[in-house]
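Coordinate analysis (summary)
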Amino acid sequence: AISALLKLSVDYKLHFNEDYDVDLLHERNAERLYQLIIENKGLYIKLGQMIAVQGVMFPKHYQDKFKLLFDRAPVESWATCDMTLKKELGENYRNELFIEIDEKPIASASIAQVHKAILKNGDRVAVKIQKNSVSRQLESDLFTYRSVMKFYGWLFDMPLQETIDYVCEKMREELNFKNEYKNAIMVSNLIKADKEFRNSAEYYIPHYYGDISSNKILISEWMEAELIGKYTELTHLGYNTAKIMSQITKIYARQVFTWGVVHCDLHPGNLMVRKIEVENDNPLTKLLWKHKTIQQLVILDHGLYEHFTPTFKRQYSEFWKYSMEKNYAKTKDVLTSWGMEADEMVMTLAGMGDKNSATMREHVEKMNNMTYFQRQLMLRDKMRDFFKNTDKFPLCLVFVMRSMRIVQGLNRNFGAPVNRLSVLVDEANRSVDQLMFETGEIDSWHNYLTRKYVSITIKVVSDVLFGINRSYIWLCEKISSIHVQNLEDAYDEEVVRAGEMFGFESVPSSKELIV
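Residues numbered from 1 in each chain as written. Predicted model: local features only at pLDDT ≥ 70, side-chain atom pairs only at ≥ 80, totals over all residues. Heavy atoms only, no water.

Some details on unusual backbone geometry
Backbone geometry follows two general trends: most residues other than glycine have a negative phi, and most peptide bonds adopt the trans configuration. The backbone of A201 sits at a positive phi, close to 60°, despite the residue not being glycine. Turning to its location among the elements, A201 is positioned in the loop between α9 (177-193) and β5 (203-204). (Helix = DSSP H or I, 4+ residues; strand = E, 2+ residues; numbered from the N terminus.)

Here we look at the side chain of H263
With respect to the element layout, H263 can be found in strand β8 (residues 261-263). Only 2.9 Å separates the side chain of H263 from the backbone oxygen of L300, close enough to count as a polar contact. Contact partners of H263, with chain neighbours within four places excluded, come to Y252, Q255, N270, I299, L300, D301, H302, L304, Y305 and S403. (Polar contact = N/O pair within 3.5 Å; in protein donor to acceptor, adjacent residues only side chain to side chain. Contact = heavy atoms within 4.5 Å.)

Remarks on helix α17 (residues 397-413)
For α17, with 17 residues, the first-to-last C-alpha span of 24 Å sits near the 24 Å given by 1.5 Å per residue. Within α17, 13 of the 17 residues are buried, leaving the element largely enclosed by the surrounding structure. Residue G415 follows α17 closely and has a positive phi angle near 95°. (Expected span 1.5 Å × (residues − 1). Buried < 20%, exposed > 50% of the residue type's maximum accessible area, 1.4 Å probe, protein only.)

Focus: the pattern of salt bridges
This model, assessed by the stated rule, comprises 27 salt bridges. Taking the shortest distance from any N to any O, the salt bridge between E196 and K250 comes out at 3.2 Å. Here the residue E196 occupies a position in the loop between α9 and β5, and K250 occupies one in helix α11 (residues 241-259), the gap between them amounting to 54 residues. According to the relative accessible area criterion, E196 is partly exposed, its value standing at 38%. One salt bridge connects R430 with E427, and the closest N-O pair in it is separated by 2.9 Å. Taken together, the residues span about one helical turn, with R430 and E427 both in helix α18 (residues 420-438) at a distance of three residues. (Salt bridge = Lys/Arg side-chain N within 4 Å of Asp/Glu carboxyl O.)

A word on the packing of aromatic side chains
Counted under the stated rule, the structure contains 15 aromatic pairs. With centroids separated by 4.6 Å and ring planes inclined at 55°, the aromatic side chains of F197 and Y203 adopt a geometry described as tilted. Across the pair, Y203 and F197 agree in class, each one buried. Taking the centre distance of 4.8 Å and the plane angle of 85° together, the rings of F308 and F312 count as edge-to-face. You can call F312 buried: its relative accessible area is 5%. An aromatic cluster is built from F257, F308, F312, Y316, F319, W320 and W338, whose rings are joined through pairwise contacts. Across the ring face of Y204, the terminal group of R274 is positioned such that the distance to the ring centre comes to 4.8 Å. It is K275 that lies over the ring of Y239; its NZ or CZ is 5.0 Å from the centre. (Phe/Tyr/Trp six-rings, centres within 6.5 Å; stacked < 30°, edge-to-face > 60°. Lys NZ or Arg CZ within 6 Å of the ring centre and 35° of its normal.)

Quick notes on the sheet that holds strand β10 (residues 291-299)
Spatially, β5-β10-β9-β7 is the arrangement adopted by the four strands of the open sheet, whose pairing is mixed. Across the chains shown, the open sheet's two edge strands, defined by having one partner strand only, are β5 and β7 (226-227). Relative to strand β9 (residues 271-279), β7 runs antiparallel, the two being bridged by two bridges. Each residue of the ladder has a partner; that of L227, found in β9, is M272. The strands touched by α11 within the sheet are β5, β9 and β10, with β10 carrying the most contacts at an inclination of about 55°. (Pairing = 2+ DSSP bridges. Axes fitted to C-alpha atoms, helices over the stretch in contact; angles between N-to-C directions.)

This is the structure in structure tokens:
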């Protein structure tokens, strides 16, 4: 690893200049780093995957190369898994805890694999086993990650230390399965305490067996349900896909804006749906039918969570509320409090500026006339200015923004049946109102009614536009072969275009984030 990093360092120091083919330089070193990752496996693969979908600051060559890592999650032998189970649960775990355990994994990811089993009491369970290579190499892998990022910071003169420390902390959290157990219990309790969710039975967190789990072994209830990644196929199985997407969006909005406890990995492999029978609580029909069948969303894998501070929860709710209301001054205040220089470029990226203003047109024209090397230097300068303020910037946004794009991608893949932005802004408004009430902030009747008028108007306009778009898509599908963009497709293009305008070489689409 050290040898590879030295080669990268020397190569960039000698050749990162305008007289050299920088495109070829990036391609060569992306391959060099990729080979280092697949040779060492373990946490290297997880970190490489993160760069593939989140590392917009890296050149496109790194992002493209590291996407190949999603097909490289190795499966550990049963002998290795058995060794881990004995170490964590005891030498005689098999006879003491299980009737049977399948030695062939049903799923394998970068840091763990899952085996199906039956406990002594007859419960069917999923046994999540941390990969030995990950556990064994944790500190050395994190050291290499630190070295790569520090090298990158040194090369481009960027203060990355706080960001490096934060990512390492999140990796350690995810590798301690006791944290996943605590997160699952926490969100399960939040659902049970929620007035809207507790009586509907529409959300379910599998039961976890904490007494027979450990830092590296997590045993949970086996779920007989369909993965939502089947998308339109679920319709043929009798599921309402619009309802599924509505459930996902609602609970995500509740996590972000009300609870401040956010599942940051809601990809299709961590979400399932099933049909269950519950008591019919409808006073008009319960005399005829005592029970009814509903769709229930099952949420898995609670390892990667963000826990907001009260201050950040309010700021993030206000950011969504004010940016949708086009309140330039208040949106700028939030961004400034995060240590961002909220100039016209940043405000445009936040959806508040005029993309066709003279300043923006001049910026785009300037970029178009730059060489590849000059654009790299411009991005370096922008990122350097940004990372100077990481003491103020809430680093949890790195994972929250990714999870927000994942939810957007899910809605997109389902055909955008839900007005996602309307649901999110509704929850943000509700959160801001509740926080103002709890803190005793005095608001005049005039300001209160103005806020309500603005929020209701935005919701009505948003819902009308959404309805028109859905109707137009339906009509075109019926009478012609014309493809019409849904709102999520359009929003996705807008995000990618805005990132490129800022100077990022490659901004992953929401489709690329769902892996």
